[in-house]
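# Coordinates in review
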Amino acid sequence: MVEEENKITNTEVGEVKASKSKAGKKGKRIVNAGAVHIQATFNNTIISVTDKNGGVLTTSSAGANGFRGSKKGTAFAAGVAAEKALELAKKNHALNSVDVYVSGIGLGRDAAIRAVSAVGIKIDSITDITPIAHGGVRPKGERKP
């Protein structure tokens, strides 16, 4: 068993190398349909591309694409981040149709959705999943008579 994992081979020059076999490495998954989750805040936009079960294929954000400071919250930065994440998903996982889920109230909402269609991926549906408070706790301050 141990001899199979650590094979020693002689090269032409006479050097000795140890090589280990890579067991259990998975190949790239082919996913035809997936979901794009867009989290748009005032300070950044985060894009996650997942399969239908929620397994993450690729991610990107405005900060990961070189934008710093207040530039991370712009619509242009969100478009660049979405374009990069979707290009990787399309190239590595053969993604061709997505459902888009948008959360947050930042400037990057619309720009990220436009970038999805610009890459050439078919959009099946667009859903806004921004949490909205209803009811809530008692307001601060004294009780009014």
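In what follows, the accompanying structure is described. These numbers were taken from a predicted model, which means no experiment stands behind them.

### With respect to the overall build of the protein
Across its full length, the protein holds three helices and seven strands. What you see in the protein, going N to C, is helices and strands ordered as α-β-β-β-β-β-α-β-α-β. Here the protein holds 145 residues, and the buried ones make up 33% of them. Counting contacts in the protein only where the partners sit at least 6 residues apart, residues at least 24 apart contribute 59% of the total.

### A look at the pairing of strand β3 (residues 33-40)
Direction of pairing for β3 relative to strand β6 (residues 97-104): parallel, over a ladder of eight bridges. Each residue of the ladder has a partner; that of Gln-39, found in β6, is Ser-103. Here β3 runs beside strand β4 (residues 45-51); their pairing, made up of seven bridges, is antiparallel. Within the sheet, the bridge partner assigned to Gly-34 lies in β4 and is Asp-51.

### Observations concerning the pattern of salt bridges
Taken as a whole, this structure holds four salt bridges when the rule is applied. Linking Arg-29 and Asp-51 is a salt bridge whose minimum nitrogen-to-oxygen distance equals 2.9 Å. One end of the pair, Arg-29, is in the loop between β2 (16-20) and β3; the other, Asp-51, is in strand β4, and 22 residues separate them in sequence. The exposure class of Asp-51 is buried, given its relative accessible area of 12%. With a shortest N-O distance of 3.1 Å, Asp-124 and Lys-122 are connected by a salt bridge. On the basis of relative accessibility, which here comes to 40%, the residue Asp-124 falls in the partly exposed class. Residue class for Lys-122 comes out exposed when judged on its relative accessible area of 54%.

### A word on helix α3 (residues 108-119)
Between its first and last C-alpha, α3 extends 16 Å over 12 residues, near the 16 Å set by a 1.5 Å rise per residue. When we look at burial in α3, the residues that qualify are Gly-108, Ala-111, Ala-112, Ile-113, Ala-115, Val-116 and Val-119. For α3, the elements touching its buried residues are β3, β4, α2 (75-93), β6 and β7 (122-128). Gly-120 sits one or two positions beyond α3 and adopts a positive phi of about 105°.

The rules behind the values
Residues numbered from 1 in each chain as written. Predicted model: local features only at pLDDT ≥ 70, side-chain atom pairs only at ≥ 80, totals over all residues. Heavy atoms only, no water. Helix = DSSP H or I, 4+ residues; strand = E, 2+ residues; numbered from the N terminus. Buried < 20%, exposed > 50% of the residue type's maximum accessible area, 1.4 Å probe, protein only. Contact = heavy atoms within 4.5 Å. Pairing = 2+ DSSP bridges. Salt bridge = Lys/Arg side-chain N within 4 Å of Asp/Glu carboxyl O. Expected span 1.5 Å × (residues − 1).

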